[in-house]
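Fold and contact review
Listed below, chain by chain, are the residues.
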Amino acid sequence: MPQMPVAIFVGGTSGIGRGMAEAFAHYLNGSAHIIIIGRNQAAANEIISSFPKPTESSTEPTASDGPIFLHEFVSSDFSLISNVHKTAKSLLNRLQRIDYLVLTPGVSLFARRKETKEGLDEKMALSYYSRWTFIHDLLPLLRKSEIRGGAKVYSVLSAGRGDLESVDTDDLDLKKKHTIQRCRLAVSTYNDLMMQKLAKQDPQIGFSHAFPGLVRSPMLTSSMWYYLFYPFLTFFAQTPEAVGKIQISTCMASPPGFNRYGEMGESLKYTPADELIVERLWNHTLQVTESLREE
């Protein structure tokens, strides 16, 4: 009997992450080890209880096969990089491999700068630094995946919305000059550069950056802009459930290497960035995130 796939959904208690986790569970009829990571235990319990629960007769395991499914929640605040390191260390100690790693944590990119106690802007911590850290720390498990086409790493943010020309290598964390626009462009571009480097380093793994389009997620509906433009947004924005189905299908079909996808799962063109810029960002990120690792 094939081993059940191991899938991790960071930010999976609401919005797109929740939609992707639910779609994944239903696609496999629950026959997977699904780990939802977030801060809302009650929401996680509700989601996990809605997952299909396969029966022994439907999967025909033998007594030696072990559990036929496992759905669990891990509580962690990914706005703090030290928490990301701790969560990754815990998973490294108890998992044998990871097949799917989906990253959707975030806050509104239109919010003003708000520093965490670690000195990073909260938006950048959730949309870039935490994602980089988690992928980097979990590479040993991703390399052990045996699914066809290799492990899939899928970062949902804003593929195709960055600007390489906006990257300031002397102010990569935007502490010198932070604006909403600079931050929005930075995290989008950084996700591209991150995936470009990772795909070169581990070409057998699929590293994807996706743009989900306009989604009626809590991030949008809690914004004042949602109520100001309610008729427009209601008409054009998709539900997290609909987006989740599109994005998880795209994720599961993604090939090895660096991929970028649009809101309907279409492939987006990408011109590789200069290696010097990629290495500057990589070394900066490594220094920042390692300084926040608690032994």
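Going along each chain's sequence as written, the residues are numbered from 1 onward. Local features are withheld for residues below a pLDDT of 70 in this predicted model, meaning they are given only at 70 or higher, and side-chain atom pairs are given and counted only at 80 or more; totals for whole chains, interfaces and linings count all residues. Calculation of side-chain values draws on the structure's entire complement of heavy atoms; hydrogens and water are dropped beforehand.

**Brief notes about the nonpolar core**
Quick reminder of the rule: Residues belong to one nonpolar core when they are buried, are Ala, Val, Leu, Ile, Met, Phe, Trp, Tyr or Cys, and are joined through side-chain atoms within 4.5 Å. For each residue, the accessible area found with a 1.4 Å probe, counting protein chains only, is set against the maximum for its type, and the residue is called buried under 20%, exposed over 50%, and partly exposed in between. Labels follow the DSSP assignment, with helices taken as runs of H or I lasting at least four residues and strands as runs of E lasting at least two, numbered in each case from the N terminus. Throughout, a contact is declared for two residues whenever any of their heavy atoms are within 4.5 Å.
Counting residues in each nonpolar core, the largest one holds 51 residues, and the members touching the most others are Ile8, Leu101, Phe134 and Ile135. Here this core gets 12 residues from one element, more than from any other, and that element is helix α5 (residues 122–142). Residues within four places of Leu101 in sequence aside, it is in contact with Ile8, Val10, Phe134, Ile135, Leu138, Leu142, Lys152, Val153 and Tyr154. Within the second largest apolar cluster, 26 residues are counted, among which are Ala21, Ile47, Ile48 and Tyr100.

**Some remarks on the pairing of strand β5 (residues 152–156)**
The condition is simple: For two strands to be treated as a pair, DSSP must find no fewer than two bridges joining them. By convention, orient the strands away from the viewer: a clockwise path from the first strand over the helix to the second makes the crossover right-handed.
Here β5 lies mainly inside the structure; five of its five residues are buried. The two faces of β5 match: Lys152, Tyr154 and Val156 on one face and Val153 and Ser155 on the other face are all buried. Here four bridges tie strand β4 (residues 100–103) to β5, and the two strands are oriented parallel to one another. Note on β5: the bridge partner recorded for Tyr100 is Lys152. In terms of strand pairing, β5 meets strand β6 (residues 206–210) through five bridges, oriented parallel. Across the sheet, the residue bridging to Ser155 is His209, located in β6. A crossover connection joins β5 to the parallel β6 through helix α6 (residues 180–201); in handedness this β-α-β unit is right-handed.

**What about the packing of helix α1 (residues 15–27) against helix α2 (residues 41–50)?**
Worth spelling out the cut-off: Every axis corresponds to a line fitted to the C-alpha atoms, with the helix fit spanning only the stretch in contact, and the corresponding angles, defined between N-to-C directions, vary from 0 to 180 degrees. Should an angle lie under 35 degrees it is considered roughly parallel, over 145 roughly antiparallel, and from 65 to 115 roughly perpendicular; all remaining angles are considered oblique. By the definition used in this description, the sense in which the near helix is turned from the far one sets the handedness, with an anticlockwise turn below a right angle giving left-handed and a clockwise turn giving right-handed.
Where α1 contacts α2, the two axes come as close as 10 Å, and the packing angle between them is 25°. On the basis of their axis angle, the class for α1 and α2 is roughly parallel. Pair α1 / α2 crosses with right-handed handedness. Within the contact between the two elements, α1 uses Arg18, Glu22 and His26 and α2 uses Glu46, Ile47 and Ser50.

**Here's the deal with the pattern of salt bridges**
Here is the rule we go by: Salt bridge, as applied in this entry: a Lys or Arg side-chain nitrogen positioned within 4 Å of an Asp or Glu carboxyl oxygen.
This model, assessed by the stated rule, comprises 18 salt bridges. For Arg94, the salt bridge is made with Glu72, and the minimal N-O distance between the two is 3.0 Å. Residue Arg94 is located in helix α4 (residues 81–94), and its partner Glu72 is located in strand β3 (residues 70–75); the two are separated by 22 residues in the primary sequence. Among the residues examined, Glu72 registers a relative accessible area of 17% and is labelled buried. Put simply, Lys114 and Glu122 hold a salt bridge, and the shortest N to O gap is 4.0 Å. If you follow the salt bridges from partner to partner, you end up with Arg18, Glu22 and Glu46 in one network.

**Quick look at the sheet that holds β6**
Ordered in space as β3-β2-β1-β4-β5-β6-β7, the seven strands form an open sheet in which the pairing is parallel. Pairing within the sheet leaves two strands with one partner each, and these edge strands are β3 and β7 (257–261). The mean inter-strand angle of the sheet, taken between neighbouring strand axes irrespective of direction, is 15°. Examined bridge by bridge, strand β1 (residues 6–10) and β4 share four bridges and lie parallel to one another. Bridge assignment links Phe9 to a residue of β4, and that residue is Val102.

**Re the packing of aromatic side chains**
Quick note on the threshold: Side-chain rings of Phe, Tyr and Trp, where Trp is taken by its six-membered ring, are said to pair if the distance between their centres is within 6.5 Å; with planes under 30 degrees apart they count as stacked, over 60 as edge-to-face, and otherwise as tilted. Two thresholds decide whether a charge sits over a ring: the Lys NZ or Arg CZ must be within 6 Å of the ring centre and within 35 degrees of the ring normal.
Summed over the entire model, instances satisfying the criterion amount to eight aromatic pairs. On the basis of an interplanar angle of 65° and a centroid distance of 5.2 Å, the ring pair of Tyr128 and Tyr190 is categorised as edge-to-face. Residue Tyr128 is found in helix α5, and its partner Tyr190 is found in helix α6; the two are separated by 62 residues along the sequence. A single burial state applies to Tyr128 and to Tyr190, both of which are buried. A connected cluster of aromatic rings, assembled from ring pairs, spans Phe9, Phe24 and Tyr100. We note Arg161 situated over the ring of Phe211; from NZ or CZ to the ring centre the distance is 3.7 Å.

**Remarks on the confidence of the model for the chain**
For any part of a model where pLDDT is low, the fine detail of the predicted coordinates should not be relied upon. Put simply, the test is: Scored between 0 and 100, pLDDT is the confidence that the predictor attaches to each residue.
Across the chain, the average pLDDT comes to 90, with 87% of residues at or above 70. Predicted confidence for residues 57–64 stays below pLDDT 50, and this span has eight contacts to residues more than four positions away or in other chains.

**Examining the side chain of Arg260**
Stated formally: By the criterion applied in these results, polar contacts are pairs of N or O atoms within 3.5 Å in which, for protein atoms, one can donate a hydrogen and the other can accept it, and in which residues neighboring in sequence qualify only through two side-chain atoms.
Within the secondary structure, Arg260 sits in strand β7. Of the polar contacts made by the side chain of Arg260, one reaches the side chain of Asp192; its length is 2.8 Å. Of the polar contacts made by the side chain of Arg260, one reaches the backbone oxygen of Lys269; its length is 2.4 Å. Excluding anything up to four places from it in sequence, Arg260 contacts Ala159, Gly160, Asp192, His209, Glu266, Ser267, Leu268, Lys269 and Tyr270.

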